[in-house]
Amino acid sequence: MSDPTVFLVDDDAAIRDALSLLISLKGLRTAVFASAESFLETYSPDWRGCLLTDLQMPGMHGLELQAALVQRQVELPVVVLTAYGDVATARAALKNGAADFLEKPVDDDVLIDVLRNAIRLDEERHRVIAERTDTQERLNRLTPREREVLNLLAEGLQHRDIAERLQISPRTVEVYKARMMEKLHVRSLAEVIRLGA
Amino acid sequence: MSQSIATVASERGFARQPRIDGRGLALAGAYLVLYVVLDWLSFIQPVLKLGITPWNPNTGLMLAFLLVYGPRWAPVTALGVLAAEVLIRGTPAGWLVLICASAAIACGYAALATLLRRWGVPKLIESTAGAARLVVAVAVTTLVVATSYVLLFMAAGALPVEAVGGSIARYWVGDFNGILTFTPLLLLVGRWRELRQVLRNRLGLIALQFAAVALTMWLIFGLAPNDELRLFYPLFLPVIWVTLQWGVPGAMLSTLAVQIGLVIAVQNQPGAPPLVDLQFLLLTLILTALLLGAVVTERANALERVAMREAEQRVLLATAPDAVLTVHPSGEIRSANPAAHGLFGPLASATGSRTLRTILPAIRLDRESGRATLEGRRCDGATFPAEIAWARLTAPTNDDYLVIVRDVSQRQRAENRLREREMALSRAMRFAVAGELASALAHELNQPITALVSYLQAAEILAAPLASQDQRLQGTLGKATHEAIRASEVLRRLRDFYRGGAVKRERLELNLFCATFTATFQERLRRAGAELLVDIPEALPRIEADATQLEIVLHNLLSNAIDAVSQQPPASRHIVLSGGHGAGGVTLRVEDSGPGIAADVAAKLFEPFVTSKVDGMGLGLAISRSLLRGQGGELSYEPSVASGGACFIVRIPLHPVPATDA
């Protein structure tokens with residue numbers, strides 16, 4: 001997993017240079033691309049951070065880049081840079097799931113706020129993904145019997161009912177429950193139910 | 001009547017070319033028979049039994065034959081003379097003389113026929129000058145022929161020297177009278193049907209006139225058989241009467257009647273004076289009748305022409321769309337055509353006629369002729385712009401002016417409308433150009449300003465550690481950033497100002513709209529030699545759009561199309577403006593047969609400052625697309641399949657959505 005980076009796509013060399021300088025001075029890593037095509041070519045799934053892209057570019061348009069990312073299931077947050085007055089395009093970009101839009105020329109504070117928000121979104125997304133992966137891994141460690149106990153507990157059944165349902169003794173249910181809680185690294189019944197739901 | 005008879009005779013007769021075929025032979029045979037018979041009938045009082053007689057209608061037949069069928073038939077006429085000589089008179093002077101005489105006669109009259117054909121014979125006898133020329137030509141030719149004939153026979157010893165003078169005179173008067181009484185009549189035979197019609201309609205009069213001629217003849221020869229010469233002159237009266245009535249044909253017929261009567265009288269009355277004496281008297285009668293007939297015919301023709309001209313002018317005045325007035329120099333209106341009454345109201349009333357000043361207050365007839373644009377005044381006092389032209393009539397007894405007045409208010413209104421429309425269009429066009437320029441400029445300048453602002457903000461961060469050395473650095477960078485942002489704001493306002501132009505929506509019928517619009521292009525199309533086909537179905541739904549903006553778009557597209565086809569050869573300069581409609585919108589296509597658009601140019605066709613024209617700004621298509629998008633429409637390009645050139649497609653939505661800010 002790499003550090004969060006602002007991937008800047010703009011056909012104007014001066015804007016690339018100036019914005020990347022400003023963003024790096026504000027303490028964020030940047031990587032610049034002169035066109036949407038070159039970004040798509042070099043994109044790697046382990047990239048973290050956000051995409052800051054111009055809209056009016058020769059060749060692939062910013063909105064087309066956004067559509068291409070959606071199609072490839074790349075969930076990198078997108079911030080679009082618009083020329084002024086281009087409200088219609090900005091609206092379209094937001095509708096297609098852009099995180100935010102910035103109007104040229106951009107104020108540095110606004111720029112950094114927007115970019116940090118986007119990066120935070122990306123981090124949040126990855127945290128959720130990571131958590132979900134972790135839980136899944138822990139659940140995978142349970143035996144089928146332990147799993148059954150977990151599901152019935154989540155349904156809200158008492159130990160005695162579970163024992164009856166599974167045709168085992170309440171004592172054995174207790175054992176399964178304790179072993180399951182240990183494997184899932186949970187201490188309370190509430191946490192158990194949340195995982196099993 | 002006499003004119004038309006003579007004219008048609010000429011058209012029928014002279015147009016025919018001689019042919020030596022079955023018909024030609026039949027014609028020659030008929031002529032020969034007729035000629036010999038006529039010669040035989042008129043073989044009266046000859047000199048020494050030679051062909052020297054005082055009346056030769058056969059010569060008249062010969063000339064008529066040569067005139068109608070052409071001098072190429074001269075050999076046939078020579079044969080005719082020879083045959084007549086041999087059959088009627090034998091060969092008293094030997095074959096050689098006869099052949100020479102026949103050839104001389106045929107040559108002489110063929111020459112005369114050639115000359116008269118060049119002059120145009122039937123026309124000739126319809127004017128006095130022409131009739132005089134005819135008479136002189138005939139007189140000279142017959143004299144030459146008579147002299148040659150007589151001298152030939154004298155040389156052959158068939159004629160004593162002392163008889164030469166009298167023989168020439170006798171022969172000459174015979175041929176002359178024969179031609180003048182007979183030839184013109186024969187030329188009229190082609191119009192036999194017309195003549196019969198005239199005869200039938202005026203039978204009573206003609207019978208009366210014939211009776212008058214016959215009665216006079218009877219008076220002369222019946223009452224005083226041996227004293228005809230003294231009573232000859234009363235013959236002039238019926239002949240002149242007939243001539244005055246019928247012109248040249250009447251003159252010819254009456255003199256022929258007199259001639260025949262004379263011949264019969266002389267033949268049947270033993271004590272009568274020699275025919276040759278009478279023939280000289282008749283000569284005067286024939287000449288008088290012919291010249292008088294020419295005068296009458298000429299006058300009749302002139303009257304007919306005048307009547308025709310007058311009828312034409314009456315129709316012209318009655319149907320003229322312009323007001324036509326004749327005006328006395330004092331300003332009094334002498335006459336006015338129906339259009340004048342329609343334009344000014346009644347021009348004459350019980351209180352007297354209106355003067356020119358009351359209907360055209362500003363007019364000054366200070367020149368012989370002129371033109372002016374003035375104010376006209378109707379009878380109800382309403383005024384209108386009038387274009388007038390006047391000229392003084394040139395008739396010797398009349399110095400009135402002819403004044404023509406045209407109401408040009410319609411035209412002026414139309415011109416004004418057109419001018420206003422053009423001005424509105426050019427205003428809108430200028431505004432659109434400025435808007436597109438502002439937009440393009442703002443976009444292009446905003447890029448460096450964006451970089452500049454970011455650089456300055458970066459510089460502020462970089463300069464932060466130096467703030468302790470000089471406080472002003474931070475402040476200066478801050479101000480620089482502020483100014484750069486302000487510049488950007490100015491551009492934004494400039495752009496918004498031109499973009500803010502409100503779209504005026506009106507209901508448009510494309511059919512009508514395109515017809516009006518393309519009408520303004522006719523002149524340019526004509527100059528470019530291009531052909532525009534407009535194919536807008538009447539069934540197209542009506543749209544709501546800004547007419548001026550749509551006109552700018554179509555104006556740009558059509559101008560481009562004309563420029564494109566102008567590079568093609570004249571035969572393949574076609575432009576098609578067609579319409580159609582599909583889901584939710586109407587489309588207009590402008591296709592041209594020009595060279596089309598190169599693929600690399602086509603890719604960025606609608607960007608500002610892209611052009612393939614030497615003197616183009618490259619804004620037309622950019623503006624057109626912006627304007628259409630402003631109305632919720634679209635402009636696109638594709639190569640034309642049908643014509644091989646360019647095809648631009650204008651889409652206009654049926655239900656306009658709020659303008660997208662493109």
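Each chain has its residues counted from 1, following the order in which its sequence is written. Each chain is given a letter, starting from A, and each ligand a number, starting from 1, according to the order in which they appear as written. The predicted nature of this model means local features are confined to residues of pLDDT at least 70 and side-chain atom pairs, given and counted, to a pLDDT of 80 or more, with totals for whole chains, interfaces and linings taken over all residues.

1. Examining the sheet that holds strand 11 (residues 574-582) of chain B
Residue and element names in this part refer to chain B.
Here's step 1: Spatially, 5 strands are ordered 9-11-12-14-13 in an open sheet, and the strand pairing comes out mixed. Where the open sheet ends on each side, the last strands, each with one partner, are strand 9 (531-535) and strand 13 (634-639). Adjacent strand axes in the sheet meet at a mean angle of 20 degrees when their direction is disregarded.
Here's step 2: By the bridge criterion, 6 bridges tie strand 13 to strand 14 (residues 646-653) in an arrangement that is antiparallel. Following the sheet pairing, Glu 634 is matched in strand 14 by Arg 651.
Here's step 3: By definition, residues are in contact whenever their C-beta atoms, placed on the basis of the backbone, come within 7 Å of each other. Here the axes come from fitting lines to C-alpha atoms, over the contacting stretch only for helices, and the angles between their N-to-C directions go from 0 to 180 degrees. Only DSSP runs of H or I with at least four residues qualify as helices, and only runs of E with at least two residues qualify as strands; both kinds are numbered from the N terminus onward. Most of the contacts of helix 20 (residues 547-565) go to strand 12 (residues 585-592), to which it runs at about 20 degrees, and overall it touches strand 11, strand 12, strand 13 and strand 14.
Here's step 4: Across the sheet, helix 22 (residues 620-630) is in contact with strand 13 and strand 14; its angle to strand 13 comes to roughly 135 degrees. Any two strands between which DSSP finds at least two bridges are classified as paired.

2. Here's the deal with the nonpolar core
Here's step 1: Core analysis: the biggest nonpolar cluster contains 82 residues, and Leu 63, Phe 65, Leu 66, Leu 67 and Tyr 109 of chain B have the highest contact counts within it.
Here's step 2: When sequence neighbours within four positions are dropped, the list of residues in contact with Tyr 109 of chain B reads Met 62, Leu 63, Leu 66, Thr 77 and Thr 141 of chain B.
Here's step 3: We call a set of buried Ala, Val, Leu, Ile, Met, Phe, Trp, Tyr and Cys residues a nonpolar core when their C-beta atoms link them within 7 Å. Exposure criterion: with C-beta atoms placed from backbone coordinates, a residue whose C-beta has 20 or more other C-beta atoms within 10 Å is buried, one with 12 or fewer is exposed, and one in between is partly exposed. By size, the runner-up hydrophobic cluster in this structure holds 43 residues, among which are Phe 33 and Leu 65 of chain A together with Ala 451 and Ala 484 of chain B.

3. Considerations on the pairing of strand 1 (residues 5-9) of chain A
Residues and elements named next belong to chain A.
Here's step 1: Most of strand 1 is tucked away, with 4 of its 5 residues classed as buried.
Here's step 2: The pairing of strand 1 with strand 2 (residues 29-33) spans 5 bridges and is parallel. Residue pairing in the sheet places Leu 8 in a bridge with Val 32 of strand 2.
Here's step 3: Two strands pair when backbone bridges link them, and strand 1 and strand 3 (residues 49-54) are joined in this way by 5 bridges, in the parallel orientation. Each residue of the ladder has a partner; that of Thr 5, found in strand 3, is Gly 49.

4. Thoughts on the confidence of the model for chain B
All names here are of chain B.
Here's step 1: On average, residues of chain B carry a pLDDT of 82, and 91% of them reach 70 or more.
Here's step 2: Note on residues 1-17: pLDDT is under 50 here. Beyond four places in sequence and across chains, it has 40 contacts.
Here's step 3: Across the interfaces of the predicted complex, the ipTM metric reaches 0.76, alongside a pTM of 0.48. Note on scores: pLDDT gives the predictor's confidence for each residue, bounded by 0 and 100.

5. Brief notes about helix 2 (residues 22-41) of chain B
Residues and elements named next belong to chain B.
Here's step 1: The span one expects for a helix is its residue count, reduced by one, times 1.5 Å. The end-to-end C-alpha separation of helix 2 is 29 Å, in line with the 28 Å expected for 20 residues at 1.5 Å each.
Here's step 2: Looking only at helix 2, the buried set comprises Ala 28, Tyr 31, Tyr 35, Leu 38 and Asp 39. Down the axis of helix 2, the buried set is contained in an arc of 100 degrees. They therefore lie on one face. In this structure, helix 2 carries Gly 22, Arg 23, Leu 25, Ala 26, Gly 29, Ala 30 and Val 33 as exposed residues pointing more than 90 degrees from its buried face.
Here's step 3: Where helix 2 is buried, its residues touch helix 3 (57-69) and helix 4 (74-89). Summarising the geometry, the arc corresponds to the directions from the helix axis toward the C-beta atoms.

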